[in-house]
Each structure stands twice: as structure tokens, then as C-alpha cells.
Amino acid sequence: MSAALRRLPVAVLAGLALVAGLSLALRTQALDAKFWIDEGLSVGISSHGFFDIPGVLRQDGSPPLYYLLLHLWIEVVGDGEERTHALSLLFALTTIPVGFLAGRAIAGVRTGWAVAALAAFNPYLTYYAQETRMYALVALLSLATCATFALAYGARRRGAIPLFVACAAALAYAHNWGLFLLVGCAGAVVVLALQDDREGRRALLRDGVLGFGALGVVYLPWIPSLLFQAAHTGAPWAERPGFDAVINGLGGLIGGEGSGILGVFVGLAGLGVVLRRPGARRDPTARAIKAIALAGGLGLLVAFLASQASPAWASRYFATFVGPVLLLLGIGLARYGRLGLMALLVVLLLWTDGRERQLRGKSDAYRVARTLEESHYVRDGDVVLSTHPEQGPLMRYYLGDGLRWADALGWVPDPQVFDWRDALERLEETGPIAVSREVLPQLETGQHLLLIQPIIRTSQWRAPWTRLVRKRAAQWERALDHTGGLRRVEALPKFEDRRLPRGVRAVVYRRTARPLVLPPPPPPAAVEVRAPARPSTEGPFQRP
């Protein structure tokens with residue numbers, strides 16, 4: 001990409017720099033926002049040794065590319081919120097020149113500027129440019145993958161096949177949902193081949209075998225880890241999506257109802273202009289449009305069907321489809337004349353929202369940690385026990401060293417990582433009484449047990465994992481309140497009449513000189529009748 005940029009005229013480089021500067025101003029309004037659960041996991045995993053990270057990820061369920069890059073980044077600039085958010089910001093800003101080069105290569109200079117502008121102001125990218133997660137990287141790779149795929153298999157430029165293989169492999173190593181898009185790309189090759197004549201069909205299928213065969217070879221080393229993760233980690237916190245979840249996810253990519261309806265309506269009209277003109281069947285731009293649309297549509301369909309069989313659905317995973325959306329929207333708006341240009345300007349204006357309030361409201365974990373420290377409830381040797389287990393690495397980040405760590409499953413050997421392996425089954429088999437008998441005897445007189453509890457009423461807790469966490473959290477507090485030799489000191493923070501934040505609260509217990517007397521195990525519970533799972537109705541930027 002750097003070589004391609006160096007060949008651009010000075011005026012074009014200046015224009016891209018101006019667009020990137022505006023995007024930078026938009027996407028740094030909440031760069032110092034505090035971490036939430038998943039960001040604590042990102043920093044925790046990336047704090048391990050570079051060559052240890054792939055093995056650590058067998059506990060997590062993610063591929064390694066982002067964590068390896070974050071590890072190197074942390075080694076150079078540090079692990080603070082602004083410093084790690086800056087890596088995501090860099091990925092988001094890089095979508096601007098990549099979008100320009102992609103749009104220009106597929107449909108001309110005007111389309112290049114349209115895609116670059118959309119990439120610069122897209123609200124989805126604005127949000128994830130300020131979060132220490134892989135989604136800005138996934139969006140960048142999605143854009144590069146879709147563009148090179150469209151050039152290689154739509155416009156039939158064989159020289160783009162190596163670029164497609166490189167981008168696609170990086171996407172697969174960045175997020176597992178990238179595999180869905182790549183399955184969509186493979187399906188698109190088949191559909192395009194069926195629409196071609198015999199000679200063209202053979203050539204296209206031959207190139208497909210060449211490109212996807214090379215991609216399989218590059219991805220082969222990770223397949224054993226992927227299969228292990230699929231068998232033992234999964235996403236028990238997710239629910240089976242309904243059709244409205246698809247609409248909500250796509251709505252997040254196009255910025256919501258107002259800008260989305262305008263952009264999609266005019267964009268589709270512009271795409272129709274290209275696809276309906278004489279000779280469109282052989283036109284490289286029209287074929288590229290078909291390739292992008294087929295890859296994105298089939299990939300989304302595969303993701304939806306796979307999440308019906310094994311739920312792994314979240315609106316943030318739609319980063320995988322940023323590429324098709326930006327490219328199709330950019331081509332359509334650029335090809336619809338003055339009306340398309342006017343619609344583009346209106347969409348960009350509606351997109352100038354830095355998402356600051358959402359970003360700063362992701363979690364109150366930092367505030368809870370500071371309150372505990374200021375109240376002198378955090379001392380070396382105290383025990384932190386998180387009943388929402390994946391909050392542990394986040395609290396470890398904010399509370400630091402010198403503490404002992406446990407969660408609803410027992411002692412935690414590595415507090416920077418949550419072990420998702422068969423986590424739901426382990427939590428079903430483990431209750432507060434059993435873990436208390438393991439943890440509480442290790443408290444000395446005067447030491448604190450800091451019970452980190454989720455704030456239930458600010459989220460929906462309908463998935464198998466979250467429902468059980470909610471149930472266990474209530475059981476934990478009741479059990480500790482009735483434990484002899486343990487005195488409840490305080491619950492922090494004090495919310496009073498304030499709106500409940502997202503995140504956690506802390507209940508502080510102190511070990512007294514009296515002997516420990518644990519409450520007896522509860523009688524066997526009656527079989528719980530579960531209501532059918534319903535899709536999450538939370539906004540496009542919130543965790544289900």
C-alpha cells in the first residue's frame with residue numbers, strides 16, 4: 001500500500017491527509033475512555049510472552065493476530081487506555097487510504113474518494129477506533145479482502161490473487177467471523193462461474209482453486225487450535241439471533257435509521273445504474289459489484305445459520321462486513337451523479353458523532369477499583385472474587401499486583417486471562433458453598449474478601465452463561481452474608497439516586513477472629529423451566 005500511495009499525485013495525498021485529519025479529530029474524543037470487560041481481556045492476554053499467546057488463546061476462543069500485534073504495541077508504547085486505543089485508531093485511519101485505493105481500482109477516482117470519506121466518518125469505525133479490541137483491524141482487513149477479491153474474481157485481474165490470499169489469511173487470523181466472509185467469497189466464485197461461458201467458467205474456477213488452496217495452506221497451522229476452541233470454548237454468553245438481529249447489525253454499520261435509509265436507498269439506485277447499463281455482463285465494475293454483494297450476502301447468511309446451530313452472534317462481530325458495506329455504498333453513491341454526491345454529504349454530516357457518551361459509559365470498573373483503594377479496602381494478600389468471572393482480568397488490570405484472585409469457579413491461577421474452556425458446564429457444577437470452602441479458609445484475620453458483583457439491571461441476561469452468572473451472583477452474596485467469621489463491611493460504590501452504570505459493584509467482607517462457619521449446602525434445586533431464548537435488543541455497539 002505504501003508504494004501505491006507514493007505514486008499518487010501530491011494533491012491526492014494532501015486530500016487524503018485532510019480527510020484523515022478530520023477523522024482523527026472525530027475519533028479521539030473518548031480516546032482516554034476506561035476499559036470494559038473485553039478490553040481487560042485484550043490487555044491481559046497480550047501481556048503474556050509473544051510466543052505464549054497462541055497457547056493462551058486456547059482458553060479464550062480467538063485467533064492470534066490482533067493479540068500478537070497488541071503485544072508488540074504494548075512493548076513499545078505501554079498498556080494504558082489511550083496508548084492501546086491508539087492502535088485501534090491507527091487501524092481505523094488506515095481504512096481511509098485503503099478505501100481510496102480500493103474504490104479507485106474497482107470503479108474510478110470518484111468512487112475512491114467516496115469510499116475514503118465513508119471510511120473516515122463511519123460511526124461503527126469511530127466507536128471501535130477507541131476500543132482496545134480487534135474490530136478496527138477486522139474492519140480494515142475486511143475492506144482489503146473484499147476489494148482484492150472483487151478485483152481478482154470479479155474484474156478478473158489475476159495479479160490481485162496473491163493480494164487477496166494475504167488479506168484473507170490476515171482476516172481469518174484476526175477473527176473467526178472472517179471465515180464466514182471467506183466462505184461467502186468461495187460461494188461467490190461458484191455463482192459467478194455458473195453465470196459465465198464455458199471458457200470463462202473454467203478459468204474462474206481454476207483461479208478459485210489456486211487462491212483458496214493457497215489460503216488453506218496459510219491457515220492450516222491454526223486449524224488444530226480452532227477445532228479445540230470450537231469444542232471447548234464457544235460463546236455461551238450469546239443467544240440465537242432472529243432476523244431483527246441481522247437488521248440491527250447492518251444498521252450499526254450504516255449509522256442508524258436516518259443516514260442508513262438515505263445512503264442505502266440512493267446507493268442501491270447508483271448500483272442499479274451500473275448493473276443495468278448495456279454490456280454490464282462483461283463490465284469489470286459490474287462484475288466486481290456482483291462479487292462484493294455475493295461475498296457479503298452469502299457470508300452473512302452463513303454466519304446467521306451457524307449461529308442458529310451454535311450461538312456465536314454479537315453486533316460487534318459485524319466488523320467482518322464493513323468492507324462489503326463501505327465498498328457497495330461508496331460505488332453506489334459515486335455513480336448516481338449529483339444526487340449521489342448530495343446524499344453522500346448528508347450521510348457524512350449525520351455521521352459526525354464521536355460516540356463519546358457510549359464509549360465513556362461502557363463500564364464503571366475503574367471507578368470501583370479507585371473507590372476501593374481510596375477507602376483502604378485493598379491491601380496485599382486480600383482476595384478478589386468475581387462472580388462474573390470474565391470481569392476478573394479487567395479488575396486485575398485496575399487493582400494491580402499483590403492480591404489473590406478467585407472467581408465463581410475457584411482460585412484463578414492466571415488473573416489476566418479468563419478460562420472459557422467448558423466454562424458453562426464448570427459453573428453449573430460449582431456453587432458458592434464449594435468455592436467458599438476452598439477460598440475462605442485462606443483468609444487471615446483482618447484480611448478482606450472483595451466480592452465483585454455484576455450490575456444486573458443494566459443488561460439483558462438471557463443467554464445460558466449470563467443467566468447462570470446472574471443466579472450465582474445472588475447466591476454468593478446470600479452465602480457470604482450468612483458465613484460466620486466473615487463480616488460485611490460495605491458495598492461500593494453508592495449509587496443513591498443516580499442512574500445505574502454498566503459494569504460492577506464491590507461488596508467488602510472482613511475476616512474476623514471468630515471461627516469460620518459456612519452455611520450448609522442448599523437442598524437440590526428443582527428443575528428450572530427455561531423460557532425460549534430471545535435475541536438481544538441492545539444497541540449495535542453494546543455487548544449482548
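Residues numbered from 1 in each chain as written. Predicted model: local features only at pLDDT ≥ 70, side-chain atom pairs only at ≥ 80, totals over all residues. Heavy atoms only, no water.

Draft legend 1. Layout of the nonpolar core. Ile106 and Phe149 are the most contacted members of the largest nonpolar core, which has 179 residues in total. In terms of residue count, the dominant contributor to this core is helix 9 (residues 135-154) (16 residues). Those residues in contact with isoleucine 106 that sit more than four places away from it in its chain are Ala147, Ala150, Leu151, Thr285, Ala288, Ile292, Leu327 and Ile331. (Core = buried A, V, L, I, M, F, W, Y, C linked by side-chain atoms within 4.5 Å. Buried < 20%, exposed > 50% of the residue type's maximum accessible area, 1.4 Å probe, protein only. Helix = DSSP H or I, 4+ residues; strand = E, 2+ residues; numbered from the N terminus. Contact = heavy atoms within 4.5 Å.)

Draft legend 2. Structural context of the environment of valine 508. Secondary-structure assignment places valine 508 in strand 6 (residues 504-511). For the pair valine 508 and histidine 448, spaced 60 residues apart in the sequence, the C-alpha separation amounts to 6.7 Å. Not counting the four nearest positions on each side in its chain, valine 508 is found in contact with Leu372, Tyr377, His448, Leu449, Leu450, Arg487, Arg488, Val489 and Glu490.

Draft legend 3. Inspection of the pattern of salt bridges at higher detail. Using the criterion set out here, one finds 21 salt bridges in the structure. Residue arginine 370 is joined to glutamate 373 by a salt bridge in which the shortest nitrogen-to-oxygen separation is 2.6 Å. Placement of the pair is arginine 370 and glutamate 373 together in helix 20 (residues 365-374), with a separation of three residues, close to one helical turn. Within this structure, Arg156, Arg158, Arg206 and Asp207 form a network of salt bridges that share partners. (Salt bridge = Lys/Arg side-chain N within 4 Å of Asp/Glu carboxyl O.)

Draft legend 4. Broad picture of helix 11 (residues 178-194). Look at helix 11: 25 Å from first C-alpha to last across 17 residues, which is about the 24 Å you get at 1.5 Å a residue. Buried within helix 11 we find Gly178, Phe180, Leu181, Leu182, Gly184, Cys185, Ala188, Val189, Leu192 and Ala193. Structurally, helix 11 contributes buried residues whose contacts are with helix 9, helix 10 (161-174), helix 12 (198-219), helix 16 (284-309) and helix 17 (322-334). (Expected span 1.5 Å × (residues − 1).)

Draft legend 5. Region of the structure containing helix 7 (residues 109-121). With 13 residues, helix 7 should reach 18 Å at 1.5 Å per residue; the first-to-last C-alpha distance of 19 Å fits that figure. Every buried residue of helix 7 is listed here: Thr111, Gly112, Ala114, Val115, Ala116, Ala117, Leu118, Ala119, Ala120 and Phe121.

Draft legend 6. Representation of the packing of aromatic side chains within the structure. All told, the structure shown has 29 aromatic pairs when counted by the stated rule. With 4.8 Å between their ring centres and 75° between their planes, tyrosine 127 and tyrosine 128 make a pair best called edge-to-face. Each of the two residues, tyrosine 127 as well as tyrosine 128, counts as buried. Aromatic side chains tryptophan 177 and tyrosine 317 sit 5.4 Å apart centroid to centroid with 65° between the ring planes, which places their arrangement in the edge-to-face category. Taken together, the positions of tryptophan 177 in the loop between helix 10 and helix 11 and tyrosine 317 in the loop between helix 16 and helix 17 put the pair 140 residues apart, joining distant regions of the chain. Overall, tyrosine 317 belongs to the buried group, its relative accessible area being 12%. When the ring centre of tyrosine 366 is taken as reference, the NZ or CZ atom of lysine 34 above it lies at 4.2 Å. Residue placement shows arginine 58 over the ring face of phenylalanine 228; its charged tip is 4.0 Å from the ring centre. (Phe/Tyr/Trp six-rings, centres within 6.5 Å; stacked < 30°, edge-to-face > 60°. Lys NZ or Arg CZ within 6 Å of the ring centre and 35° of its normal.)

Draft legend 7. Just a nonpolar patch on the surface, in detail. A grouping of Val190, Leu194 and Leu205 is seen on the molecular surface, where their side chains present a nonpolar patch of about 270 Å² in accessible area. Along the chain, leucine 205 falls in helix 12. (Patch = residues over 30% accessible without salt bridge, like charges linked within 9 Å, V, L, I, M, F, W, Y side chains within 5 Å. Areas by Shrake-Rupley, 256 points an atom, 1.4 Å probe, with all protein chains shown as cover.)

Draft legend 8. Representation of the confidence of the model for the protein within the structure. Scored by pLDDT, the protein has a mean of 91; 94% of the residues are at 70 or more. Long-range and interchain partners of residues 525-544, a stretch whose pLDDT sits below 50, account for 54 contacts in this model, where long-range means more than four residues apart. (pLDDT = per-residue confidence, 0-100.)

Draft legend 9. How the structure looks around the sheet that holds strand 2 (residues 404-407). The strand order 3-2-1-4-6-5 describes an open sheet built from six strands, whose pairing is mixed. Among the strands making up the open sheet, the edge pair consists of strand 3 (410-411) and strand 5 (486-492). With two bridges joining them, strand 2 and strand 3 adopt antiparallel strand pairing. Its bridge partner being in strand 3, alanine 406 is matched across the sheet by tryptophan 411. Each of strand 1 (383-386), strand 4 (448-454), strand 5 and strand 6 is contacted by helix 24 (residues 464-481), which is oriented at about 150° to strand 4, the strand it contacts most. (Pairing = 2+ DSSP bridges. Axes fitted to C-alpha atoms, helices over the stretch in contact; angles between N-to-C directions.)

Draft legend 10. The environment of phenylalanine 243, seen in detail. Examined against the element boundaries, phenylalanine 243 turns out to sit in helix 14 (residues 243-253). A sequence separation of 44 residues divides phenylalanine 243 from arginine 287, and the C-alpha atoms of the two residues are 29 Å apart.

Draft legend 11. Geometry of the pairing of strand 2. Where strand 1 lies against strand 2, four bridges are found, and the strand directions are parallel. Note on strand 2: the bridge partner recorded for valine 384 is tryptophan 405. In this fold, the crossover linking strand 1 to strand 2 by way of helix 21 (residues 392-399) has right-handed handedness. Between strand 2 and the antiparallel strand that follows it, strand 3, lie two residues. (Right-handed = clockwise from strand over helix to strand, strands pointing away.)

Draft legend 12. Seen up close, the packing of helix 5 (residues 65-77) against helix 6 (residues 81-107). Running from amino to carboxyl end, helix 5 crosses helix 6 at an angle of 125°, the nearest separation of the two axes being 10 Å. When the axes of helix 5 and helix 6 are compared, the pair comes out oblique. Our pair here, helix 5 against helix 6, has a crossing hand that is right-handed. Only Arg83, Thr84, Ala86, Leu87, Ser88, Leu90 and Phe91 of helix 6 make contact with helix 5, whose side of the interface consists of Tyr66, Leu69, Leu70, Trp73, Ile74 and Val77. (Parallel < 35°, antiparallel > 145°, perpendicular 65-115°, else oblique. Left-handed = near helix turned anticlockwise from the far one by under 90°.)

Draft legend 13. Representation of a negative patch on the surface within the structure. A cluster of acidic side chains, namely Asp422, Glu425, Glu428 and Glu429, defines a negative patch on the protein surface. Relative to the assigned elements, glutamate 425 resides in helix 22 (residues 423-429). (Lys, Arg positive; Asp, Glu negative; His and termini not counted. Charge placed at Lys NZ, Arg CZ, Asp CG, Glu CD.)

Draft legend 14. Region of the structure containing unusual backbone geometry. Cis geometry marks the peptide bond from leucine 492 to proline 493, where omega comes out at -10°. Note that proline 493 resides in the loop between strand 5 and strand 6. A positive phi angle, close to 60°, is found at arginine 156, a residue other than glycine. Of note, arginine 156 is situated in the loop between helix 9 and helix 10. Note on arginine 156: relative accessible area 24%, which makes it partly exposed. Residues other than glycine seldom take positive phi values, yet histidine 376 does so here, at roughly 60°. Inspection of the secondary structure assignment puts histidine 376 in the loop between helix 20 and strand 1.

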